Amino acid sequence: MKFLNLENETDTDVWFEVINQGHDAKLHPCSYGQDFKASMKCTHYEPCGDAHEGNGVSECAFALFTCETARCELQPITKEE
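Residues numbered from 1 in each chain as written. Predicted model: local features only at pLDDT ≥ 70, side-chain atom pairs only at ≥ 80, totals over all residues. Heavy atoms only, no water.

Undergrad: Looking at this structure, I do not really get the overall build of the chain. What am I missing?
TA: Across its full length, the chain carries 2 helices and 3 strands. Reading the helices (α) and strands (β) of the chain from amino to carboxyl end gives α-β-α-β-β. Sequence separation of at least 24 residues holds for 51% of the intrachain contacts in the chain that already meet a minimum separation of 6. Accessible surface, the chain as shown: approximately 5700 Å² in total, 51% of it carbon and sulfur. (Helix = DSSP H or I, 4+ residues; strand = E, 2+ residues; numbered from the N terminus. Contact = heavy atoms within 4.5 Å. Areas by Shrake-Rupley, 256 points an atom, 1.4 Å probe, with all protein chains shown as cover.)

In structure tokens:
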């Protein structure tokens, strides 16, 4: 399982398709779940919006939450998997 590289045009097209699919996208779970502070250690972490409760902690911009499960928009499940 690899992360999409948004500097690569093909991967960017895949990411836009993931965005268009929204909650129907087939994505791998985020290794950090809803532990926002721990997720900041991820090499692909990008803060999303305002920090929660003024503590400087923010969910990752690439996390998609479905039924309390965090999934990573940069790790779509491919046909080979």
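Further notes follow.
Undergrad: It is not clear to me how the sheet that holds strand β3 (residues 69-76) should be interpreted in this structure. Could you clarify?
TA: Strand pairs in the sheet, formed through backbone hydrogen bonds, run parallel or antiparallel to each other. Ordered by their spatial adjacency, 3 strands build an open sheet running β1-β3-β2, and the pairing between neighbours is antiparallel. The two strands at the open ends of the sheet, each matched to only one other strand, are β1 (27-29) and β2 (63-66). Strand-to-strand, the axes of this sheet are offset by a mean angle of 45°, without reference to chain direction. Looking at chain direction, β2 and β3 are connected through 4 bridges and run antiparallel. From the neighbouring strand, F65 faces β3, where its bridge partner is A70. (Pairing = 2+ DSSP bridges. Axes fitted to C-alpha atoms, helices over the stretch in contact; angles between N-to-C directions.)

Undergrad: What should I look at first to understand helix α1 (residues 9-21) in this one?
TA: Between its first and last C-alpha atoms α1 spans 19 Å; for 13 residues at 1.5 Å apiece the expected length is 18 Å, and the two agree. For α1, the elements touching its buried residues are β1 and β3. N-cap assignment for α1: the residue whose side-chain oxygen lies 2.8 Å from the backbone N of T10 is N8. (Expected span 1.5 Å × (residues − 1). Polar contact = N/O pair within 3.5 Å; in protein donor to acceptor, adjacent residues only side chain to side chain.)

Undergrad: For this particular structure, what's the right way to read the environment of T43?
TA: Examined against the element boundaries, T43 turns out to sit in the loop between α2 (36-39) and β2. Sequence separation between T43 and F3 is 40 residues; the distance between their C-alpha atoms is 9.8 Å. There is a polar contact of 2.9 Å between the side chain of T43 and the side chain of H44.

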